[in-house]
Amino acid sequence: MRMGFRWFGEGNDTISLQDIKQIPGTEGIVWALHDIPVGEEWPMEKILEVKEQADSFNLNIDVVESVNIHEDIKLGLPTRDTYIQNYITTIERLAAVGVKVICYNFMPIFDWFRVDLYKPLSDGSTALFYEHAKVKDIDPFELVNQNANNLEYKMPGWEPERLKDLSNLFEAYKNVSEEKLWNNLAYFLESVIPVAEKHDIKMAIHPDDPPWSIFGLPRIITNKENIRKHLNLVDSPYNGVTLCSGSLGANPSNNIPEMIKEFADRIPFAHIRNIKVFENGDFVETSHRTCDGSVDITEIVKAYHEVGFTGYVRPDHGRHIWGEKCRPGYGLYDRALGIMYLWGIWDTLERMKESRYSN
Ligand SMILES: O=C(O)C(=O)C[C@H](O)[C@H](O)CO
Ligand SMILES: [Fe+2]
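Here the residue index of a chain counts from 1 through its sequence in written order. To read the labels, note that chains go from A and ligands from 1, taken in the order they are written. Totals for whole chains, interfaces and linings use every residue, but because this is a predicted model, local features are given only for residues with pLDDT of at least 70 and side-chain atom pairs only at 80 or more, for both listing and counting. As a rule here, side-chain values come from all non-hydrogen atoms in the structure, and water together with hydrogens is ignored.

As annotated in an unreviewed UniProt entry, the protein carries the name Mannonate dehydratase and is attributed to Metabacillus bambusae. UniProt positions are given in the numbering used here, feature names are shortened, and annotations may be inferred rather than shown by experiment. Here the protein is described in UniProt, under the heading Pathway (unreviewed entry), as follows: "Carbohydrate metabolism; pentose and glucuronate interconversion." In its Sequence similarities (unreviewed entry) section, the UniProt record describing the protein reads: "Belongs to the mannonate dehydratase family."

A. Geometry of the site of ligand 1. Throughout, near means a residue has at least one heavy atom within 4 Å of the molecule or strand. As a matter of local geometry, ligand 1 sits amid 19 residues, with Glu65, Ser66, Asp111, Asp209 and Arg273 nearest to it. Any pair of nitrogen or oxygen atoms within 3.5 Å is treated as a polar contact; in protein, a donor-acceptor pairing is required on top of that, and neighbouring residues in sequence qualify only through side-chain atoms on both sides. In this structure, Arg6 approaches ligand 1 through a side-chain N or O atom, which is 3.1 Å from an oxygen atom. The side chain of Asn105 places a nitrogen or oxygen atom 2.8 Å from an oxygen atom of ligand 1. Using a 1.4 Å probe, the Shrake-Rupley method yields the accessible areas, and only the shown protein chains count as cover for residues. In isolation ligand 1 exposes 330 Å². Once the protein is present, 99% of that is buried. For cavity detection a 1 Å grid was placed over the protein atoms alone, and a set of points counts as a cavity when a 1.4 Å probe fits there but cannot get out; an open set counts as a pocket when protein lies on both sides within 12 Å along at least five of seven lines, with lining residues being those that have an atom within 4 Å of a point. Assignment to a cavity or pocket requires that more than half of a molecule's atoms be within 2 Å of the site's grid points. Put simply, ligand 1 lies in the largest cavity. Think of it this way: any DSSP run of H or I at least four residues long counts as a helix, any run of E at least two long counts as a strand, and we number them from the N terminus. In terms of residues, the shell around ligand 1 owes the most to one element, strand 4 (residues 101-105), which gives three residues. Think of it as three bins: nonpolar holds Ala, Val, Leu, Ile, Met, Phe, Trp, Tyr, Cys and Pro, charged holds Asp, Glu, Lys and Arg, and polar takes everything else, Gly as well. Tallied by class, residues from the shell around ligand 1 come to six nonpolar, six polar and seven charged.

B. Structural detail: the coordination of the iron ion (ligand 2). In this description, a donor is an N, O or S atom within 2.8 Å of the metal centre, a cutoff extended to 3.2 Å for sodium, potassium and calcium. Water is not part of the atom list, which can make sites seem incomplete. In this structure, His206 (NE2), Cys244 (SG), His271 (ND1) and Asp316 (OD) serve as the protein donors to the iron ion (ligand 2), at separations of 2.1 to 2.5 Å. One way to put it: the six donor atoms around the iron ion (ligand 2) meet at angles of 70 to 178°, and that makes the site octahedral. Here the donor residues for the iron ion (ligand 2) map to a single chain with the spacing H-x37-C-x26-H-x44-D. Of this pair, His271 sits in strand 9 (residues 269-272) while Asp316 is found in the loop between strand 12 (312-315) and helix 14 (333-358), placing the two residues 45 residues apart along the sequence. Take His271 and Asp316: they sit in the same class, and that class is buried. For four-coordinate sites, all angles between 85 and 135 degrees define a tetrahedron; for four- and six-coordinate sites, opposite donors beyond 155 degrees with the remaining angles between 65 and 115 define square planar and octahedral shapes respectively, and all other cases count as irregular. To sort residues, take the accessible area from a 1.4 Å probe on protein chains only and compare it with the maximum for the residue type: under 20% means buried, over 50% means exposed, and anything in between is partly exposed.

C. Highlighting a nonpolar patch on the surface. Patch membership needs two things, relative accessible area over 30% and no salt bridge, and members are linked within 9 Å if like-charged or within 5 Å if nonpolar (Val, Leu, Ile, Met, Phe, Trp, Tyr). Every case where a carboxyl oxygen of Asp or Glu lies within 4 Å of a side-chain nitrogen of Lys or Arg is listed as a salt bridge. A grouping of Trp322, Tyr333 and Leu337 is seen on the molecular surface, where their side chains present a nonpolar patch of about 340 Å² in accessible area. In this structure, Leu337 sits in helix 14.

D. Looking closely at empty space enclosed by the protein. Grid points are joined across faces, edges and corners, and a volume is the space filled by probe spheres set on the points. Counting across every chain of the model gives four cavities of 30 Å³ or more. Taken together, 17 residues line the largest cavity, and the ones lying closest to its centre are Arg6, Glu65, Asp111, Trp112 and His206. When grouped by side-chain class, the residues that make up the lining of the largest cavity number five nonpolar, five polar and seven charged. Put simply, the second largest cavity is a space of about 100 Å³. As for the second largest cavity, its lining consists of 13 residues, and the residues nearest its centre are Asn68, Lys74, Asn105, Gly157 and Arg162. Class assignment for the residues of the lining of the second largest cavity results in five nonpolar, three polar and five charged.

E. A look at the pairing of strand 1 (residues 2-6). The element strand 1 is extensively covered by neighbouring structure, given that four of its five residues are classed as buried. Relative to strand 12, strand 1 is paired through two bridges, and the arrangement is parallel. Across the sheet, the residue bridging to Met3 is Val313, located in strand 12. Any two strands with at least two DSSP bridges between them are considered paired. As defined by bridge partners, strand 1 adjoins strand 2 (residues 26-31) across four bridges and the pair is classed as parallel. Note that in strand 2 the partner of Phe5 across the bridge is Ile29.

The following block contains the structure:
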């Protein structure tokens, strides 16, 4: 597996490239141009700027997360063709600088969703928290105001300029059933996958986080059957999945090692993280260690090892520990610990494999 670390860019992250370089076994950054509005082409000069910064630390820029999808594409509006064309231009430019994987998601309106970004844990750290009862009661408009407008950091998927149009967006989605969303996804894939094939760049959809409908909005990338359906919409190695253990793991009936085995050659990129799911279905982010949460990280890494996984991987959200001031879920310390845990399991499995052969 090839390790990367999500980085939000110069002046937009508390973590430096020097910090990332010092995390053992980390070869690259997982990056995006966060200041380009969703739907616009990514300018080549800005792409090259990131490449130069990463080059100077000998870090690769092979994985982009995310080139977000304009809402008109998800809604299937006539204007979608212009936005798809822009997306294609961005794919071509990214391929030209050597990018190998583009992660994206197809969630209506909201990206990942939590009710509390700093839930105190018993060890004195804080972490992202999802609470069913609150989501049922909460007015999404109020939450957007809290999350998007009062935060120190502009978070991808929570852009205030996009969400100020929230009531129109909700109105527009009234006509979009799950089936329609699938059709709109198929339309998008049929346009972009041939381009991805031509330029040798893999498209990797991120599962919905959490993997169920919220506020009556359809969500479709939620379980094994639906991931299979997605991969069959356009049956190409360039139409893949970012298999995220934390997103899928919020539903305990998702068997992630089984998915890794079935979809092995269609997973160009993996997110590995743990969460603790409570009996009532609420969940909180934990350390990556298996026994700290409900997701069996050991079995997951074992499954990747068994299938001979050579794709990209990153730790996903971490807790906020040791007093770190950082983007919610994206501090340096807990994610770096996560990387060491993943390598610990992987290296042990490698050693066991070698000794099996030598005995
Ligand atoms: O919620 C998660 O697990 C994520 O990793 C969020 C992703 O960055 C995002 O949805 C990808 O487009
Ligand atoms: Fe993820």
